[in-house]
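# Observations on chain architecture
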Amino acid sequence: MAAPVPPGASRPSGNAPPLNYNYNPNLPRNYPDSLADNMQNLQLNSLPPSVIPNSRPGPPPFPSAAPLSSPYPGVSPPISRPLGSPALASMPRAAPLTGPPPAAIAPNAIPPVTQPPPFTSRPASTHFLAGPTSLQSGPVVPPLGDRPGAFSSSSPLVGPSVPSSSGSGPVSNGPPVFGSGAPTGGPRFPLAGGTQQTPGVGPSPPTMLSARAPSHPPTMRSFLGTPVSTAPPGSMGQPAPPFAGSVQGVPPQSGSPYGSRMWQMQQQQMVPPVPGSAQSPRMFGMTPPLPNQSMASIQPAMDQSGAPMTGPSKIDPNQIPRPVPTSSVILYETRQGNQANLPPPATSDYIVKDTGNCSPRYMRCTINQIPCTSDLLTTSGMQLALLVQPLALPHPSEEPIQVVDFGESGPVRCSRCKGYMNPFMKFTDQGRRFVCNLCGFTDETPRDYICNLGPDGRRRDADERPELCRGTVEFVASKEYMVRDPMPAVFFFLIDVSVNAIQTGATAAACSAISQTISDLPEGPRTLVGIATFDSTIHFYNLKRDLQQPLMLIVPDIQDVYTPLQTDVIVQLSECRQHLELLLENIPTMFQTNRTADSAFGAATKAAFLAMKSTGGKLLVFQSVLPSVGMGALSAREAEGRTNISAGEKEAHKLLQPVDQTLKTMAIEFAEYQVCVDLFITTQNYVDIASISVIPRTTGGQVYYYYPFSALSDPAKLYNDLRWNITKPQGFEAVMRVRCSQGIQVQEYFGNFCKRIPTDVDLPGIDCDKTIMVTLKHDDKLLDGSECAFQCALLYTTVYGQRRIRVTTLSLPCTSMLSNLFRSADLDSQFSCLLKQAAIEIPSTPLSQIREQVTNVCVNILHSYRKFCATVSSSGQLILPEALKLLPLYTLALVKSTGLRTDGRVDTRSVWINYVSSLSTPLAIPLVYPRMLAIHVLNSEELEGSLIPPSIPLSSEHVSDSGIYLLENGNDAFIYIGNSVAPDIMQQLFGVPSVDQIPTQFVLQQFENSLSKKLNDVVNEIRRQRCSYLRLQLCKKGDPSGMLFFSYMVEDKTPGGLSYVEFLVHIHRQIQSKMS
């Protein structure tokens, strides 16, 4: 008989398969062969199969390792509301689509790649590390060779194939990649043409920027001036881009560059830690720091005699700090030698080994050493906050989060603060007691959890218990965490069929997208679906299987709405699939002659909620016009705002506030019953996003905005957005709480959620893309040299009905030295906080005031560093802390961003505010400082072996009239074409000899030449990196689209804003005036 497993222990692994690094704990065991790679659900560069004639299967885009069947089969107990305890989310899985055999793939389509399992990871976006300028002291760091690719693996995986366009002539850019059922064989992470050769990133010497020519060539370096190992011999092969599918002509790569010896090799190569110092991260590709290098300074230009030149701005623009991309992959251990390591930049490409602290993907702190007093924090000028993304996608090479089941007793917790057992709780009295690292209370250890202590004071079983050695762990929730059974996975689709939606093609696009994605909903009896349409009335549909066809049920009352036949409106997907597909096919035809222009959006949303009220679930609303009748009706406030121009900026921000509390009241009720609302706005007019977006923001949902909606180019994006929405890792009916050590407390939460009690946030829906900002404050002094811990607990239900608690713990050292705060500042999360706080202020504060506040934050931080930490005494230099030297650039970019510019549409600014609200840290900087690439040089010999060309500074002086450029910010992409582009390049890329012949409604196509293929490959790769089907827009010089493109050139001088050089001079003067 098998020996009993003690509570909380990991399951025995007698004959268990080897650990899989992409194991999805939310996948039931009885569906081992019907997995869908969640990342797969980002369809790259292709129209939905229904839009492309003769579409055929093609390759899935985001390969990943094979899944490990769950060690905890079956449905976990019901769910719970109480949040002395939170729980865990689930990762949905797409069902396979049928399709023709591999032989049917078009010859010019990208060759198929084997499809990976569901729980894959978000690739790093632009890997920006701070770049140097001229070095005035210290040796030049020699460039290192290429680094191995991060996303490679050797074992093949059978996976579904995908629809792809085929046939003669130009093909739509890239095959649709969301299908299933496909060819086997081939590596999961083949090389995708390699990436550019980039010098190794090393800690940077002080940057002394002057107008004189640099004495040394620029070198690349990192934000983190920390010692690192060099890569082992033989590990410097061509790096593979994240989630690369196989590329034509590139042989598959055999074997992963990071095999089982990855961490052992790293341990042998690491520079030993310096006793008493903050521990540095262990990374490949970085050289040890040069002595006394922790700052950058910008000097004034000198004349021929060596004296400072007078004048407004004499700084050499080529020497100022700019982001520098790197293709190096960083291997990062969260703790080493019982000390926390500084995390790599959020925008870099890194692989985490959890050695006690959580991965920075799940939780990042703005400062990686905690100030002992509030006065010290105030002096620094920096914000103390956490950026929490509890369900973030891991890197495919990272170990999966371990699931721990304590049975009926539930996880071990502190009896006073209810904190969860974690690696930083101290055991005493031979393991019979433990001291909570959050509140300091001493508890009795449960009898069946006692274990003897070793000589070092640690439990002897600490390394075998995930909760005692990992910063992130997932507990199976016991019955005490549930007030009802876990909810089923309910998906309700609500479609606008008013005359505007019908005529613009928005209704047909929505129906087509839903029809394509039905097969990706989770399999099994727990998946329920419903559908309704609306114009000035609401139409429900009875989808019961025993009916010959769906039955329409009309609700004419839009002031006091109700749901007819509640039990038959939402039914099991397995029972109604045929009826649903038939209905979606017929809806555009049924309403083809509809002449109703009004929209009862509020009433329809409320009626759909009533149908879902007993279960909760996801409500996906497709809306095309301003809600004009029924409850929550709105008026065209934007037109009213334009007629009252005299009010100027003073009153403009009021158009960014909800018109009244009607929809907010509805949204709070939706959240209470666990209904999460996502809005897909397919419009060509003003729809008052400020008012209607209250519903998704309160319920944990999202706004997708397609303006102006194009029936030609937008259905592909709508389809991809919807598919990723329903298949990405996510959870339902969630509650989250962050706990802190004594001396620190949570001040406020910011994000898309509902908050009914001060300590918890309620999340009817939470997914891998959502981030919550948690601001912190001191309530007592901390002890210098001690550690301060933060713990986020998320209680949630997976799409398969399992109730889980995901616990994420981060412990950081406390310091009383101001210089340590600047040394350990995290630029990405500092800027992310600044961005989110600016967005929060926009609806209530004049824009000019917010721009001034944002600039002052930057000035105050740099002034504090200059006054208290800088060793250089010359007042003619602008001294920047090494970790924050790009802060002025990103501050300027924020001041000039869509959200803070005075021009532009009200709805566009409202959408920007909503996007920022839940934006993840890696995407914060690209939103305001996008990546710009030169397309016309893709065939040049210098780029041989690299998939994505080097990024270009955002300045018009780098934009040639004879060039073609791609600019992307993680959400949108713009292709700019100069007036003097060579006709042969135009013919190769766009199939026409001149820019004037390109149609207004632009869809990128792939032609039979290498330049066109490379452009399509670049667009596909960026979409993979961003996990978003970027909306492509064509920009031409001299028309409004060209002006839009140049509005992103944030380093240029504009009528209302300074250039980057001028802004640095302005910052310097502000600091000098404060110093004097």
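Scroll up to find the structure.
Attention in this report is confined to the structure presented alongside it. Predicted model, so just to flag it, every value in this text is computed and none were measured.

A word on the overall build of the protein. A tally of regular secondary structure across the protein gives 24 helices and 41 strands. A buried classification covers 64% of the 1076 residues belonging to the protein. If you take every contact in the protein between residues at least 6 apart in sequence, the share linking residues at least 24 apart comes to 80%. Of the roughly 37100 Å² of accessible surface on the protein, 53% is carried by carbon and sulfur atoms.

Bringing the pairing of strand β34 (residues 787-797) into the picture now. Looking along a regular strand, one sees the side chains alternate between the two faces of the sheet. A large share of β34 lies buried, amounting to 10 of its 11 residues. Of the strand pairs in this sheet, strand β30 (residues 730-740) and β34 are connected by 7 bridges, and their pairing is antiparallel. Bridge pairing in β34 places Cys740 opposite Phe790. Counting the residues in the hairpin turn of β34 and strand β35 (residues 803-815) gives 5 residues, including Gly801, whose phi is positive at 80°.

Among the 5 residues that make up strand β38 (residues 964-968), 5 are buried, leaving the element largely enclosed by the rest of the structure. Across the two faces of β38 the burial is the same, with Ile964, Leu966 and Glu968 and Tyr965 and Leu967 all buried. Two strands pair when backbone bridges link them, and strand β37 (residues 931-934) and β38 are joined in this way by 4 bridges, in the antiparallel orientation. By the bridge assignment, Arg931 is partnered in β38 with Glu968.

Turning to the packing of helix α21 (residues 983-990) against helix α22 (residues 1010-1026), a few remarks are in order. Relative to each other, α21 and α22 sit at 55°, their axes nearing to 7 Å. One element, α21, and the other, α22, form an angle in the oblique class. Handedness of the crossing formed by α21 with α22: right-handed. Contact with α21, carried on its side by Ile985, Gln988 and Leu989, involves Leu1011, Ser1012 and Leu1015 of α22 and no other residues of that element. Residue classes in the contact of α21 with α22 are distributed as 4 nonpolar, 2 polar and no charged.

Okay, the sheet that holds strand β19 (residues 433-435) next. With antiparallel pairing, the 3 strands of this open sheet are ordered in space as β18-β19-β20. Two strands lie at the open edges of the sheet, namely β18 (426-428) and β20 (442-444), each paired on one side alone. Pairs of neighbouring strands in the sheet enclose a mean axial angle of 30°, with direction left out of account. Direction of pairing for β19 relative to β20: antiparallel, over a ladder of 3 bridges. Each bridged residue has a counterpart across the sheet, and for Val435 the counterpart in β20 is Thr442.

When the charged atoms of two side chains lie near each other, side chains of opposite charge can form a pair. Scanning all chains against the criterion turns up 36 salt bridges. Linking Asp767 and Lys770 is a salt bridge whose minimum nitrogen-to-oxygen distance equals 2.7 Å. Classification of Asp767 as buried rests on a relative accessible area of 5%. If you follow the salt bridges from partner to partner, you end up with Asp429, Arg432, Arg433 and Glu444 in one network.

Right, let's talk about unusual backbone geometry for a bit. The peptide bond linking Tyr707 to Pro708 adopts the cis configuration, its omega dihedral lying at -15°. Topologically, Pro708 is positioned in the loop between β29 (703-706) and α14 (714-727). Notably, Asp688 is not glycine yet its phi reads approximately 60°, a positive angle. One can find Asp688 in the loop between β28 (675-682) and α12 (689-692). Asp688 gets classed as buried once you look at its relative accessible area, which sits at 0%. Notably, Glu733 is not glycine yet its phi reads approximately 35°, a positive angle. Locating Glu733 in the fold gives a position in strand β30.

Let us look at the sheet that holds strand β33 (residues 772-778). Strand order in the open sheet made by the 4 strands is β14-β16-β33-β31, with antiparallel pairing throughout. This sheet does not close on itself; its edge strands, each paired only once, are β14 (363-365) and β31 (744-750). The average angle at which neighbouring strand axes cross in this sheet is 25°, direction not considered. For strand β16 (residues 385-388) and β33, the ladder comprises 4 bridges, and the chain directions are antiparallel. Bridged to Leu387 within β33 is Met773. Most of the contacts of helix α16 (residues 827-841) go to β16, to which it runs at about 90°, and overall it touches β14, β16, β31 and β33.

Relative to each other, helix α5 (residues 506-517) and helix α7 (residues 573-590) sit at 175°, their axes nearing to 9 Å. The angle between α5 and α7 falls in the class roughly antiparallel. Seen from α5, the contacting residues are Thr507, Ala508, Cys511, Ile514 and Ser515; seen from α7, they are Leu584, Ile587 and Pro588. Its residues placed into classes, the contact of α5 with α7 shows 6 nonpolar, 2 polar and no charged.

This next bit is on α21. One turn of an α-helix holds 3.6 residues; hence residues three or four places apart share an orientation. Taken residue by residue, α21 has Ile985, Met986, Leu989 and Phe990 as its buried positions. Here the buried residues of α21 occupy an arc of 100° about the axis, which is enough to place them on one side. Each element contacted by the buried residues of α21 is listed here: β38, β39 (972-977), β40 (1005-1006) and α22. Of the residues trailing α21, Gly991 is marked for its positive phi of about 75°.

The rules behind the values
- In this numbering scheme, every chain counts its residues from 1 along its sequence in written order.
- Given that the model is predicted, a residue must reach a pLDDT of at least 70 before its local features are reported, and side-chain atom pairs must reach 80 or more before they are shown or counted; all residues, however, enter totals for whole chains, interfaces and linings.
- No hydrogens and no water enter the side-chain calculation; it runs on all heavy atoms of the structure.
- Strands are runs of DSSP state E lasting at least two residues, helices are runs of H or I lasting at least four, and both sets are numbered from the N terminus onward.
- Partly exposed residues are those whose accessible area sits between 20% and 50% of the maximum for their type, while under 20% is buried and over 50% is exposed, using a 1.4 Å probe and protein chains only.
- We call two residues contacting when some pair of their heavy atoms lies within 4.5 Å.
- Areas reported here follow the Shrake-Rupley algorithm with a probe of radius 1.4 Å; residue values treat only the protein chains shown as occluding.
- Strand pairing is assigned whenever DSSP detects at least two bridges linking the two strands.
- Angular values range over 0 to 180 degrees, each being the angle between N-to-C directions of two axes fitted as lines to C-alpha atoms, with helices fitted over their stretch in contact.
- By the definition adopted for this analysis, an angle is roughly parallel if under 35 degrees, roughly antiparallel if over 145, roughly perpendicular if from 65 to 115, and oblique otherwise.
- Crossing handedness is defined as follows: a turn of the near helix away from the far one that is anticlockwise and smaller than a right angle gives a left-handed crossing, while the clockwise case is right-handed.
- All amino acids are sorted into three groups, where Ala, Val, Leu, Ile, Met, Phe, Trp, Tyr, Cys and Pro are nonpolar, Asp, Glu, Lys and Arg are charged, and the leftover types, Gly among them, are polar.
- Whenever Lys or Arg places a side-chain nitrogen within 4 Å of a carboxyl oxygen from Asp or Glu, that contact is recorded as a salt bridge.
- Directions drawn from the helix axis to the C-beta atoms are what define this arc.

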